[in-house]
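Coordinate inspection notes
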Amino acid sequence: MAQNTVENTAAAPMTLLGLGTMGTALARTWLAAGHPLTVWNRTPARAEALAGEGAKVAGSAAEAVAANTLIVVCLLDDTSVGDVLAGTDLTGRDVVNLTTSTPAQARARAEWARERGARYLDGGIMAVPPMVGVPQAGGYVFYSGSHDLFDRHRPALAVPLATTYVGEDPGFAALHDVALLSAMYGMLAGAAHAFALIRKENIDPTTLAPLLAGWLTAMAPSVHQTAENLRTGDYTTGVVSTIAMQVAGTPTFLATAQEQGVSPELLAPYFELMRRRLAVGSGEEDLTGVIDLLTR
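Residues numbered from 1 in each chain as written. Predicted model: local features only at pLDDT ≥ 70, side-chain atom pairs only at ≥ 80, totals over all residues. Heavy atoms only, no water.

A word on the packing of helix H7 (residues 172-198) against helix H8 (residues 205-219). Two numbers describe how H7 lies on H8: the axes approach to 11 Å, and their chain directions differ by 145°. The element H7 and its partner H8 pack so that their crossing is right-handed. Here H7 contributes Met187, Ala191, Ala194, Phe195 and Ile198 to the contact with H8, which in turn contributes Pro205, Leu208, Ala209, Leu212 and Leu216. Per-class residue counts for the contact of H7 with H8 are 10 nonpolar, no polar and no charged. (Axes fitted to C-alpha atoms, helices over the stretch in contact; angles between N-to-C directions. Helix = DSSP H or I, 4+ residues; strand = E, 2+ residues; numbered from the N terminus. Left-handed = near helix turned anticlockwise from the far one by under 90°. Contact = heavy atoms within 4.5 Å. Nonpolar A, V, L, I, M, F, W, Y, C, P; charged D, E, K, R; others polar.)

Take a look at the structure:
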């Protein structure tokens, strides 16, 4: 579970590389909490804007890294991380990388940092900038890598956003990040199809929205049963709606889309997976077996 954001009484000094929208939000939260903060950004104006709030502006990434032991990186992508840190001395530094990456990139970057004498922690931000520094907004960051390093810096890291540690494997934060975001896009795809169905009708989309939100909220707890099915390998116990029943109902969804002049391209691939699973599995299963088709 995510740990709550905390007041950082130690106010550890730190360096932040990268002042995009997210980086700037992080910087302002750390400054407001009293952390001595050294900042650097490729576009100097963004760094200078924080000087009035107490940040020390470094003239180069190397100067910023040299200023503190704790180095937080929040850049565009993994390539940017390599480019920015290439000319810096990381010996003895604790690098916390909040740049969005793949699990493989995070693992490679952890080894890259180790070879340069640094300790490494990877992070996946589950928030948008307006959520930073607002505990009630529910944002948090996945962290993976050295547990000792996480424990050492958690008071500082937990100031802007809550923290959730997910394992020693440096790739796990990125993996959790992308897994949750992938589910989000699946949900948004379904919502897009739902709105498309009513688009040409005399139905106010604002009246559908609360019904849609309520339905998705009611369905969300089903992920717990899916997880238990995957853990046990039992896809049939306690099934309320079998895959055979659901496959039989898919023509109605496709026909409705056709009647409404809506492309089925968001639904059709999943329906095809359902039909394939029914062909090789038991009709008494739920939909968990579709996952096995995706991973084989």
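What follows concerns the environment of Ala162. The residue Ala162 is located in strand S8 (residues 162-165) in this model. When its relative accessible area of 8% is taken as the criterion, Ala162 is described as buried. (Buried < 20%, exposed > 50% of the residue type's maximum accessible area, 1.4 Å probe, protein only.)

With that settled, consider the nonpolar core. The biggest cluster of nonpolar side chains holds 32 residues, and the ones touching the most others in it are Leu16, Leu26, Val39, Val72, Val96, Leu98 and Tyr143. Listed by contribution, the elements that provide at least two residues to this core are strand S1 (14-17), helix H1 (21-32), strand S2 (37-40), helix H2 (44-51), strand S4 (70-73), strand S6 (119-126), strand S7 (140-145) and helix H6 (147-157). With 6 residues, H1 is the largest single contributor of residues to this core. In this view, Val39 contacts Leu16, Leu19, Ala47, Leu50, Ala55, Lys56, Val57 and Ala58; residues no more than four positions away in its chain are not counted. (Core = buried A, V, L, I, M, F, W, Y, C linked by side-chain atoms within 4.5 Å.)

Here we have 8 strands laid out as an open sheet, ordered S3-S2-S1-S4-S5-S6-S7-S8, and mixed in their pairing. Looking along the sheet, the strands with just one partner apiece sit at the ends: strand S3 (56-57) and S8. The pairing of S4 with strand S5 (residues 94-97) spans 4 bridges and is classified as parallel. From the neighbouring strand, Leu70 faces S5, where its bridge partner is Asp94. Here H7 sits on the sheet in contact with S6 and S7, set at roughly 10° to S6. (Pairing = 2+ DSSP bridges.)

Looking now at the packing of aromatic side chains. In total, this model carries 4 aromatic pairs according to the counting rule given. On the numbers, 5.9 Å between centres and 50° between planes, the contact of Phe253 with Phe271 is tilted. You can see Phe253 sitting in helix H10 (residues 243-259) and its partner Phe271 sitting in helix H11 (residues 268-280), a full 18 residues away along the chain. We classify Phe253 as partly exposed; its relative accessible area is 47%. Members of the aromatic cluster, connected to one another through ring pairs, are Tyr143, Phe150 and Tyr165. (Phe/Tyr/Trp six-rings, centres within 6.5 Å; stacked < 30°, edge-to-face > 60°.)

The next thing to look at is the pairing of S5. Alternating residues of S5 divide into Asp94 and Val96 and Val95 and Asn97, and every residue in both groups is buried. Taken together, S4, helix H4 (residues 78-85) and S5 constitute a β-α-β crossover, and its handedness is right-handed. Where S5 meets S6, 4 bridges bridge the pair, whose relative direction is parallel. Pairing of Val96 across the sheet is with Leu121, part of S6. (Right-handed = clockwise from strand over helix to strand, strands pointing away.)

Let us look at H11. With 13 residues, H11 ought to run about 18 Å at 1.5 Å a step, and its terminal C-alpha atoms sit 19 Å apart, in line with that. Where H11 is concerned, the buried positions are Phe271, Leu273, Met274 and Arg277. All buried residues of H11 project into a common sector of 155° when viewed along the axis, lining one side. Seen from the buried face of H11, the exposed residues on the opposite side, beyond 90 degrees, are Pro269, Ala279 and Val280. (Expected span 1.5 Å × (residues − 1). Arc of directions from axis to C-beta.)

What follows is about the packing of H4 against helix H5 (residues 103-115). Running from N to C, H4 and H5 cross one another at 15°; their axes reach a closest spacing of 11 Å. Comparing their axes, H5 and H4 come out roughly parallel. Here H4 and H5 pass one another in a crossing that is left-handed. When H4 is examined against H5, the residues Asp78, Val81, Gly82 and Leu85 are found in contact with a partner set consisting of Gln105, Arg109 and Trp112. A class-by-class count of the residues in the contact of H4 with H5 yields 3 nonpolar, 2 polar and 2 charged. (Parallel < 35°, antiparallel > 145°, perpendicular 65-115°, else oblique.)

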